[in-house]
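Residue strings, one per chain:
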Amino acid sequence: MTARFYVTTPIYYVNGAPHIGHAYTSIAADVVARFHRLSGHDVFFLTGTDEHGQKVEQAAQAADVAPKEFVDAISANFRDMADAMAISYDDFIRTTEPRHIKSAQALWQKVADSGAIYLGAYEGWYALRDECFYSEDELVAGPDGTKRAPTGAPVEWVKEPSYFFRLSDYQDKLLELYETHPEFLGPNSANRELVSFVKQGLRDLSVSRTSFKWGIPVPGDDAHVMYVWFDALANYLSALDYPNTDAPRAAFWPANLHLVGKDIARFHAVYWPAFLMAAGLEVPRKVFANGWWTVEGEKMSKSLGNVIDPRDLVQEFGLDAVRFFLLREVPFGGDSDLSRKSLIMRNNVELANDLGNLCQRTLSLVARNCDGIIPERRELTEEDSKLLGQVAVLPNLMASQIERCALTDALEDVWKVIRAGNAYIDHQAPWALRKTDVERMKDVLRVLLDTLRGIATVLQPFMPQSMDRMLTQLGVETAERSFAALDVILPAGRTLPAPQGIFPRYVEQAPE
Ligand code: MSP
């Protein structure tokens, strides 16, 4: 049976335009989804928008637009961003869709039926910006001396009737989950933080609000709308048509991977598994928290005017250079800074020089000296076998990196082979062999073509558009681009198209 793989991005709040931070998690999830598809797995990749809650309601009011009209427009903008970044989602869920509302209410009912929800009154701190309740001891002093959430968000004192979820009952079960499944939450820094948060003791969680209307009504009590995080987390099930266990997608539960930003790890690794346990459902296999981006050393903010729309970067640098940079710059899971200088450097050094030149040199030698025809694969020298051996292990090597969300390490594995390929071409010097030993020159070029095919195949998840072009130039048919297809070498005799550069060098324009 084909292995199933279910991967999700967070669903994005529709209170503003998408920026590079949003694109980041989606690109990472896209790489994982594409990698599993190429491995022959049955993949379901979900993204979407989180459209309820007080924050969105207020943003709509500020824009003087009805909430539905407001969320329709911004959700469409997020979908456009996903398409522009070549995010290969299988479904785009919106929490205002009837299918989601129905599922979220079914989940609530199931949790309530287990006795884990009771009616009380909430009195305490709430940070609207985080849509999160905080206890007094979590608060810090802001620059103006006022109380702030640990994230820096302003807090307000809230007092209203509320349904509560018995989170305190789940402390031991959660700690047991973390202990028996250390891979459940990554990276280690997020894991340590969460374990200590849970060990400090969990209070029951307020899961409904009565002071505004823009949300999903609590089943059986219309005066309450669900807490936006209960509503939002349910999206991972509503896209599978929960609670219909006969639905074709139902078999994708439990999710294999929820990719999230580090700021929302708590919701995914504490609240979400507790809700699921209460509902008698399996918990996800893994939650992985990525770090945050700053821009030229500064936090992105509207007031600084440095919020970067990923589509603008793509316009300037090309999609794959941007996708590559974001995943290459810092080990996945850590924080990082986006600077023009390093983006240009990565593009020029690693894409244009290392990979682009290796490909261009090989293909132009084949065009000039072999009439553009793929030469025969003949007996291999020790050096040939060594390089091809490094290529052959890449899919498995990368699969184990991707399993632990070490996306940057997976890229580094490929770059080691690219560097080895460059050392090989320099050492073999096929341009010189042309005059001394034409047969050996052809053998060397064949080894290089096979090496490049392996490299381009495993890089498809990271840079889908340019690797598509590279594989076409290497004479690899669409049906020959999976990992399994690498077991069969290309037949000799195919004519290759005229070589064209894949990664242009970026030259900074002089200011006018
Ligand atoms: N709606 C919730 C998620 C619900 S999931 C059931 C939410 N939305 S969000 O739009 O505020 O954030 C979505 C994601 O964007 C989060 O994973 C967050 O970490 C990420 N980022 C927002 N700004 C970011 C950076 N500057 N850098 C990296 N990621 C950042 O939270």
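Residue numbers here run from 1 along each chain, matching the order of that chain's written sequence. Owing to the predicted nature of the model, reporting of local features is limited to residues with pLDDT of at least 70; listing and counting of side-chain atom pairs is limited to 80 or more, with chain, interface and lining totals taken over all residues. With hydrogens and water excluded, all non-hydrogen atoms of the structure serve as input to the side-chain values.

> In this structure, what is going on with the site of the ligand? I would like to understand it.
For this description, a residue counts as near a given molecule or strand if any of its non-hydrogen atoms is within 4 Å of it. The environment of the ligand is made up of 21 residues, and the closest members are Ile11, Asp50, Gly261, Asp263 and Trp293. Taking Asp50, its side chain carries an N or O atom lying 2.7 Å from a nitrogen atom of the ligand. Residue exposure ignores everything except the shown protein chains as possible cover, and the areas themselves are Shrake-Rupley values with a 1.4 Å probe. For the ligand, the accessible surface in isolation is 660 Å², of which the surrounding protein chains cover 94%. Where the shell around the ligand is concerned, the elements lending two or more residues are strand 1 (4–13), helix 1 (20–38), helix 7 (228–233), helix 8 (235–238) and strand 14 (257–261). Of the residues forming the shell around the ligand, the biggest block, four residues, is contributed by strand 1. Three residue categories are used. Nonpolar comprises Ala, Val, Leu, Ile, Met, Phe, Trp, Tyr, Cys and Pro, charged comprises Asp, Glu, Lys and Arg, and polar comprises the others, including Gly. Residue classes in the shell around the ligand are distributed as 12 nonpolar, seven polar and two charged. Here a polar contact is recorded for every N or O atom pair within 3.5 Å, except that within protein the pair must consist of a potential hydrogen donor and a potential acceptor, and residues adjacent in sequence are included only if both atoms are side-chain atoms. Each helix corresponds to a stretch of at least 4 residues labelled H or I by DSSP, and each strand to a stretch of at least 2 residues labelled E; elements are numbered beginning at the N terminus.

> Help me understand the packing of aromatic side chains, please; the structure alone is not making it clear to me.
For any pair of aromatic rings, the description consists of the separation of the ring centres together with the inter-plane angle of the planes. By convention, a stacked pair of Phe, Tyr or Trp rings (six-membered ring in the case of Trp) has centres within 6.5 Å and planes under 30 degrees apart, an edge-to-face pair has planes over 60 apart, and any other such pair is tilted. Counted under the stated rule, the structure contains 29 aromatic pairs. Here Phe133 and Tyr227 contribute two aromatic rings whose centre-to-centre distance is 5.1 Å and whose plane-to-plane angle is 55°, an arrangement assigned as tilted. Remark: Tyr227 occurs in the loop between strand 13 (221–226) and helix 7 and Phe133 occurs in strand 5 (residues 132–134); sequence separation between them is 94 residues. Only protein chains enter the accessibility calculation, which uses a 1.4 Å probe; a residue whose area is less than 20% of its type maximum is buried, one above 50% is exposed, and one in between is partly exposed. For Tyr227, a relative accessible area of 1% translates into the label buried. Taken together, the ring pairs in this structure connect Tyr6, Phe44, Tyr236, Phe252, Trp253 and Trp272 into an aromatic cluster. Sitting over a ring, as applied to charges here, requires NZ of Lys or CZ of Arg to be within 6 Å of the ring centre and within 35 degrees of the ring normal. Across the ring face of Tyr170, the terminal group of Lys173 is positioned such that the distance to the ring centre comes to 4.7 Å. Here Arg266 stacks its cationic end above the ring of Phe197, 3.9 Å away from the centre of that ring.

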